[in-house]
There are 2 protein chains.
Amino acid sequence: MQRGEKKIYMQEVVTRDGFQNEREFVGTDKKIELINKLSQCGYSKIEVTSFTSPKAIPMLRDAEQVMKSITRHPDIEYTVLVPNLRGAERALLCDVDEANLVMSTSESHNQTNLRMTREESFRGLSEVIKEIQPTRTAVNVSLSTAFGCPMEGDVTLKTLLSWVERFAEHGVRGITLCDTTGMAYPTQVSEVVTEFKDRFGDLQLTVHLHNTRGMALTNALAAIQAGADRFDSALGGLGGCPYAPGATGNVSTEDLVHMLELMGYRTGIDLEQVLDAAAQLPALVHHDVPSQVLKAGRRLDLHDAPSSIKECLGN
Amino acid sequence: MQRGEKKIYMQEVVTRDGFQNEREFVGTDKKIELINKLSQCGYSKIEVTSFTSPKAIPMLRDAEQVMKSITRHPDIEYTVLVPNLRGAERALLCDVDEANLVMSTSESHNQTNLRMTREESFRGLSEVIKEIQPTRTAVNVSLSTAFGCPMEGDVTLKTLLSWVERFAEHGVRGITLCDTTGMAYPTQVSEVVTEFKDRFGDLQLTVHLHNTRGMALTNALAAIQAGADRFDSALGGLGGCPYAPGATGNVSTEDLVHMLELMGYRTGIDLEQVLDAAAQLPALVHHDVPSQVLKAGRRLDLHDAPSSIKECLGN
């Protein structure tokens, strides 16, 4: 395995994709404070919130207020999730840098999650794209279940790429391939990313991984080796999956950055500041978070000999 | 990333390295029952117990009874940890297939864990090797902190390989490179394994990974790509690290096998039976275990649409 050289672009999703799965409302001020802190950490993009119905996701009912109150760093793009025309109008009024649209590549998952068929989603999102395109706001489409659907199983590469193609024809700037429930595995990621880059080299590709089955870091490396250089990740590894209760969520920002930097990749992220922000999460969400580096520290954070250790013969 | 082809040898360490870290005694009958079940799962080796002082590790005070009572499968080697001459004598009386000796490549860690200098350890283990060599029992040496020491930091490749060389000169069959506190990262693993295989190609190499910082699966792939084909792993990911409270332990057998089999590697492991055994662990150790696949299921264990799911717009 060669030492990494290239720049990897990190996109933080904790305040949208992470918080969205939390039960207890995180205060608007706390959200703003966290995003402002994250804005000092070297990300290339931050997904701030979602302009969805406040009834559907009460956690993000303060979308306008958050989006308008944060201090935007000139080197960072601020993106928001936009489900429909109404959401697009709200997002544009906040002058977001990017609108992140979402649909599933699996029929069952789209119907379960979005309550419509994929074709209905595509028609709706096409309207949204037309609304946004005359503005300065860029359009990204997140394709869920790109590496498998928890109800249908594998989504074929042909199906996946046909949806990419349809959005590419609409002139979107970027596509995110989402491993919604952590079904991706390294050789598959490698095949999908290679094919994507071959056919859609001009699109901005983001890989969105979940650590549901422990493979997120491995999949990230497979994606990088196949040409990807841009990842969504969530502080603390927040974000869950209703299909796998107790399983971990999004790939943890700090775990991913920690590994990539050790390997020589340049993420631009200030890991110490990220860990500092992550350490505040348990108090915000009232539970432990899955991140490993947050618990164990960086590999060279050295320790004194434990005072109480017995002869343990551990290896 | 190429599809894997080769055979990967799996060595289960849960009843020794896993249980050793548990507070509450696991009954002798339960241990025997678990090992007998694991013996039906396709492992190439099972580390049964440790012939250490019952006072030092009360959990494994039933070493003789367990070793003599299990039903040994003809295709599996049964290994035990042996700390000293007394342990070697006890192990030989039980006719073990392999004795697993252990010392640290870091001076501080050896002194903290084994209460002697590395040179003292080496002299003691040399005596043990001489005692065992005339018998049918093979000798393996586990080198702790091979990828870093939590107190000293990096262990140089030169230091590591000098210890390998000294044991190789003593004619041991195998060496295990242990990432005792999860400090290994993929490019480092790649470099270490490549160098090891170049210089000591005749030794049986085992890679023993911990998932303390989330990189165990990635490190396993890096090791395989560099020529390794043999791994220790623990059912449920049991086994901890006193230097990182709350952090996860050994790489989980089921998570590693799940990934490798998806990639085309042949582990010979019956994953369904392994998951069945892992599911019994929480009742044995009275707490949740870190394994991810145990919680989330295999990637193609499909689900019905959750009845209570809201429009969640998850990606």
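Keep in mind the model is a prediction, meaning the values are calculated, not measured. One numbering rule holds for all chains: residues counted from 1, following each sequence as written. Both sets of labels track the order of writing: A upward for chains, 1 upward for ligands. With pLDDT at 70 or above as the cut-off, local features in this predicted model cover only qualifying residues; side-chain atom pairs require 80 or more to be listed or tallied, and sums for whole chains, interfaces and linings still use all residues. By convention in this description, side-chain values take in all heavy atoms of the structure and omit both hydrogens and water.

Residues and elements named next belong to chain B. DSSP calls a pair of strands paired once it identifies at least 2 bridges connecting them. Helix and strand definitions here come from DSSP, where helices need a minimum of 4 consecutive H or I residues and strands a minimum of 2 consecutive E residues; each element is numbered from the N-terminal end. Around the barrel, which closes on itself, the eight strands sit in the order 1-2-3-4-5-6-7-8 with parallel pairing between neighbours. If you compare each strand with its neighbour and ignore which way they point, the axes differ by 25° on average. Across two bridges, the pairing between strand 7 (residues 204-208) and strand 8 (residues 230-233) is parallel. Bridge pairing links H208 to D232 in strand 8. For helices, the fitted line uses only the C-alpha atoms of the stretch in contact; every axis is such a line through C-alpha atoms, and the angle between N-to-C directions lies from 0 to 180 degrees.

Counting from both sides, the interface comprises 79 residues of chain A and, opposite them, 79 residues of chain B. By definition, a salt bridge exists where a carboxyl oxygen of Asp or Glu is found within 4 Å of a side-chain nitrogen of Lys or Arg. Summed over the shared surface of chain A and chain B, the number is two salt bridges. We note a salt bridge from R299 of chain A to D154 of chain B, for which the minimum N-O separation is 2.7 Å. In the analysis that follows, any N or O atom pair within 3.5 Å is treated as a polar contact, provided that within protein one partner can donate a hydrogen and the other can accept it, and provided that, for residues neighboring in sequence, both atoms belong to side chains. Applying the counting criterion to the chain A and chain B interface returns 21 residue pairs in polar contact (both at pLDDT 80 or more). At the level of secondary structure, the elements contributing two or more residues to the side of chain A that touches chain B comprise helix 1 (14-18), strand 4 (98-104), helix 5 (107-114), strand 5 (138-144), helix 8 (186-199), helix 9 (216-225), helix 10 (253-262) and helix 13 (293-296) of chain A. A per-element tally of the side of chain A that touches chain B places helix 9 of chain A first, with five residues. When residues are sorted by character, Ala, Val, Leu, Ile, Met, Phe, Trp, Tyr, Cys and Pro go into the nonpolar class, Asp, Glu, Lys and Arg into the charged class, and all the rest, Gly among them, into the polar class. Its residues assigned to classes, the side of chain A that touches chain B shows 37 nonpolar, 29 polar and 13 charged. Only heavy atoms enter the contact rule, under which two residues are in contact if any of them lie within 4.5 Å.

Attention now goes to the pairing of strand 4 (residues 98-104) of chain B. All names here are of chain B. By the criterion of burial, strand 4 is predominantly enclosed, with seven of the seven residues buried. Remark: exposure states derive from per-residue accessible area (1.4 Å probe, protein chains only) relative to the maximum for the residue type, with buried under 20%, exposed over 50%, and partly exposed in between. The two faces of strand 4 match: E98, N100, V102 and S104 on one face and A99, L101 and M103 on the other face are all buried. Note that strand 3 (residues 77-81) and strand 4 share three bridges and pair parallel. What sits directly across from T79, in strand 4, is E98.

Take the side chain of S121 of chain A next. Relative to the elements of secondary structure, S121 of chain A occurs in helix 6 (residues 118-132). Residues within four places of S121 of chain A in sequence aside, it is in contact with M103, N110, L114 and M116 of chain A.

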